[in-house]
Amino acid sequence: MNMPLTKHTMQNTGEYGLQEIRERLYKSKAVTILAGAGISAESGVPTFRGKDGLWKNFRPEEMATSEAFKQEPRLVWEWYDWRRRALASLKPNAAHLAIAEIEKRVKEFTLITQNVDGLHQLAGSKNIIELHGNIWRVKCLSCNKVNANREVPIKILPFCECGGLLRPDVVWFGEMLSDNNLTKAFVAIDNSDFMFVIGTSGIVQPAASFALRAKDEGAFVVEINIEKTPLSASVDATFIGKAGDILPQLL
Ligand code: BJW
Ligand code: ZN
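For every chain, the first residue of the written sequence is number 1, and numbering continues from 1 onward in sequence order. Chain labels run from A onward and ligand labels from 1 onward, assigned in the order the entries are written. Where local features are concerned, this predicted model is filtered to residues with pLDDT of at least 70; where side-chain atom pairs are given and counted, the filter is 80 or more; whole-chain, interface and lining totals use all residues. In computing side-chain properties, one takes all heavy atoms of the structure into account and sets aside hydrogens as well as water.

Colleague: Describe the overall build of the protein chain, listing the residues and the values that go with them.
Modeller: Strands here are runs of E lasting at least two residues and helices are runs of H or I lasting at least four, both read from the DSSP assignment and numbered beginning at the N terminus. Helix and strand counts for the protein chain stand at 10 helices and 10 strands. On C-alpha atoms alone, the protein chain measures out to a radius of gyration of 18 Å, which is about the 18 Å that the 2.2 N^0.38 rule sets for 251 residues. Considered along the principal axes of its C-alpha atoms, the protein chain spans approximately 55 × 35 × 30 Å. For every residue, the accessible area obtained with a 1.4 Å probe (protein chains only) is divided by the maximum for its type, and the residue is called buried under 20%, exposed over 50%, and partly exposed between those limits. The buried share of the protein chain, reckoned over its 251 residues, is 52%. Two residues form a contact once any of their heavy atoms are found within 4.5 Å. Sequence separation of at least 24 residues holds for 67% of the intrachain contacts in the protein chain that already meet a minimum separation of 6. Residue exposure ignores everything except the shown protein chains as possible cover, and the areas themselves are Shrake-Rupley values with a 1.4 Å probe. Summing over all exposed atoms, the protein chain offers an accessible surface of approximately 12100 Å²; the carbon and sulfur share of this is 52%. C-alpha atoms define the radius of gyration in this analysis, and the globule rule sets the expected value at 2.2 Å times the number of residues to the power 0.38.

Colleague: Give me the lowdown on the packing of aromatic side chains, citing residues and values where you can.
Modeller: The way to describe two aromatic rings as a pair is by their centre distance and the angle between their planes. Stacked, tilted and edge-to-face are the three classes applied to pairs of Phe, Tyr and Trp rings, where Trp contributes its six-membered ring and a pair requires centres within 6.5 Å; stacked means planes under 30 degrees apart, edge-to-face means over 60, and tilted covers the rest. Throughout the structure, instances matching the rule amount to 10 aromatic pairs. Between the aromatic rings of Tyr80 and Trp172, the centroid separation amounts to 6.3 Å while the plane-to-plane angle is 50°, which identifies the pairing as tilted. In this pair, Tyr80 is assigned in helix H5 (residues 73-88) and Trp172 in the loop between strand E7 (166-170) and helix H8 (179-191), connecting sequence segments 92 residues apart. For the pair Phe186 and Phe210, a centre-to-centre distance of 5.7 Å together with 70° between the ring planes defines the contact as edge-to-face. Linking Phe186 in helix H8 with Phe210 in helix H9 (residues 210-216), this pair joins segments that are 24 residues apart in sequence. For Phe186, a relative accessible area of 25% gives the class partly exposed. Through pairs of rings, three or more aromatic residues link up here, namely Phe69, Trp77, Trp79, Tyr80 and Trp172. Each ring is checked for a lysine NZ or an arginine CZ that lies within 6 Å of its centre and within 35 degrees of its normal; such an atom marks a charge sitting over the ring. A cation sits over an aromatic face here: Arg150 above Trp136, 4.3 Å from the ring centre. Taking NZ or CZ as reference, Arg213 lies 4.0 Å from the ring centre of Phe186, over its face.

Colleague: Residue-level account of the layout of surface pockets, with values.
Modeller: Cavities and pockets were defined on a 1 Å grid built from protein atoms only: a cavity is a group of points that admits a 1.4 Å probe but offers it no way out, a pocket is an open group of points flanked by protein on both sides within 12 Å along at least five of seven lines, and a lining residue is one with an atom within 4 Å of any such point. Grid points are joined across faces, edges and corners, and a volume is the space filled by probe spheres set on the points. When its volume is computed, the second largest pocket comes out at roughly 240 Å³. If you trace the second largest pocket, you find 17 residues lining it, with Val45, Pro46, Thr47, Phe48 and Arg83 closest to the centre. Examining the composition of the lining of the second largest pocket, we find that 5 residues originate from one element, H5, more than from any other.

Colleague: Give me the lowdown on the coordination of the zinc ion (ligand 2), citing residues and values where you can.
Modeller: Every protein donor of the zinc ion (ligand 2) is accounted for by Cys140 (SG), Cys143 (SG), Cys160 (SG) and Cys162 (SG), and the metal-donor separations fall at 2.3 Å. Any N, O or S atom lying within 2.8 Å of the metal counts as a donor, and for Na, K and Ca the limit rises to 3.2 Å; water is left out, so some sites can look incomplete. A site with four donors is called tetrahedral when every donor-metal-donor angle falls between 85 and 135 degrees; four donors are called square planar, and six octahedral, when opposite donors sit more than 155 degrees apart and all other angles fall between 65 and 115; any other arrangement is irregular. Angles of 101 to 119° at the metal separate the 4 donor atoms of the zinc ion (ligand 2), which places the site in the tetrahedral class. Within one chain, the residues serving as donors to the zinc ion (ligand 2) are arranged as C-x2-C-x16-C-x1-C. Taken together, the positions of Cys143 in the loop between strand E5 (133-140) and strand E6 (146-148) and Cys162 in the loop between E6 and E7 put the pair 19 residues apart, joining distant regions of the chain. According to the relative accessible area criterion, Cys143 is partly exposed, its value standing at 36%.

Colleague: If you had to explain helix H6 (residues 94-105) to someone new, which residues and values would you point to?
Modeller: The end-to-end C-alpha distance of H6 is 16 Å, a good match for the 16 Å that 12 residues give at a rise of 1.5 Å each. By the burial criterion, the buried members of H6 are Ala95, His96, Ala98, Ile99, Ala100, Ile102 and Glu103. Polar contact criterion, stated in full: a pair of N or O atoms within 3.5 Å, where within protein one must be able to donate a hydrogen and the other to accept it, and residues adjacent in sequence count only if both atoms are side-chain atoms. Capping of H6 at its N-terminal end is provided by Asn93; its side-chain oxygen lies 2.7 Å from the backbone amide nitrogen of Ala95. Multiply 1.5 Å by the residue count of a helix minus one, and that product is the helix's expected span.

Colleague: With reference to specific residues and values, describe the site of ligand 1.
Modeller: The nearness test applies per residue and asks whether one of its heavy atoms lies within 4 Å of the molecule or strand. Around ligand 1 lies a shell of 34 residues, among which Tyr80, Arg83, Ser201, Gln205 and Asn225 are the nearest. Within the backbone of Glu175, an N or O atom sits 2.7 Å from a nitrogen atom of ligand 1. In the environment of ligand 1, an oxygen atom lies 2.6 Å from a nitrogen or oxygen atom belonging to the backbone of Gln205. Protein burial of ligand 1: of its 1500 Å² of free accessible surface, 77% is covered by the chains. Elements supplying a minimum of two residues to the shell around ligand 1: helix H2 (38-41) and H5. Broken down by element, the residue count for the shell around ligand 1 peaks at 3 residues, all from H5. Amino acid classes used here: Ala, Val, Leu, Ile, Met, Phe, Trp, Tyr, Cys and Pro are nonpolar; Asp, Glu, Lys and Arg are charged; the rest, including Gly, are polar. Of the residues belonging to the shell around ligand 1, the class tally is 16 nonpolar, 12 polar and 6 charged.

Colleague: Now, about the sheet that holds E6: what can you tell me, with residues and values included?
Modeller: Taken in spatial order, the 3 strands of this open sheet run E6-E5-E7, and their pairing is antiparallel. A single partner strand is all that each edge strand has here, and the edge strands are E6 and E7. The average undirected angle you get between the axes of adjacent strands in this sheet is 45°. Across the face of the sheet, H5 comes into contact with E5 and E7 while running at roughly 140° to E5. Any two strands between which DSSP finds at least two bridges are classified as paired. Lines fitted to C-alpha atoms define the axes here, with helix axes fitted over just the stretch in contact, and angles between the N-to-C directions of these axes take values from 0 to 180 degrees.

Now the structure itself:
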């Protein structure tokens, strides 16, 4: 059924209507979604680059680095503990649920998420690449062991059984993404004929380059965001609106 689109939920900045996007989506052989913080915003998770993303006036670019952790591990862990406390009670929203449903309806599907909050898993998504790690895992700086950790609050500072300091198992600025994740992401992108880029500001590399790579490899690329981004000029269509409003209309 072609659902009517309400004015406040979307303005399509391109020549494609939602019905056409829906048809292309379900005819596709392989679909990839690149997700960013905007997907979780409607669950109550602050995005990084809005004013709501600030914690005690620190910018994520200052906190999410290994230099900050080396200099002030307690401060960085306090930020992560604050975020984990906030996340612990949050639930997936309509956007997460719609993405999990799309996975069931298309032949091949890969979700590449930059989000570390674990809400996609809670919504039922299966084939997920967690590009920037997961806030509910910790990694030992001495023995490199990675473990799930859902303690809320977490003991600051947390230590491994080997005596080493634990850090969140996330990817900070200046750190390499895991080779395995990058390879899987590139295979999915290059194999896709349809890609959604949803709720990301499109400025953090290498994720920001994925939509362009998908276009170069021949995919039809559709962006969903509450505002235009640096990617908007390069994609096939941008839908301006909340992911939780637009995605359910594709089901
Ligand atoms: C909605 C919505 C709704 C809201 N519906 N939409 C100079 C030039 C180019 C690159 C670099 C450079 N200097 C350094 C670099 C590399 C650097 C980088 O890209 N920096 C840029 C800031 C310039 N990248 C890296 O360092 C990466 N590693 C790397 O490149 O290794 C090689 C290398 C090493 C050394 C030097 C150079 C290269 C690693 C990046 C790791 C990013 N990590 C973080 C933190 C993860 C852990 C944690 O969560 O604490 O990942 S940073 C943060 O940004 C987080 C996010 O995943 C990531 C992306 O943010 P995202 O998802 O786009 O969120 P926002 O807040 O930016 O945007 C939200 C969007 O949603 C907005 O557009 C809203 O409009 C929208 N929205 N509500 C739909 N309801
Ligand atoms: Zn250890």
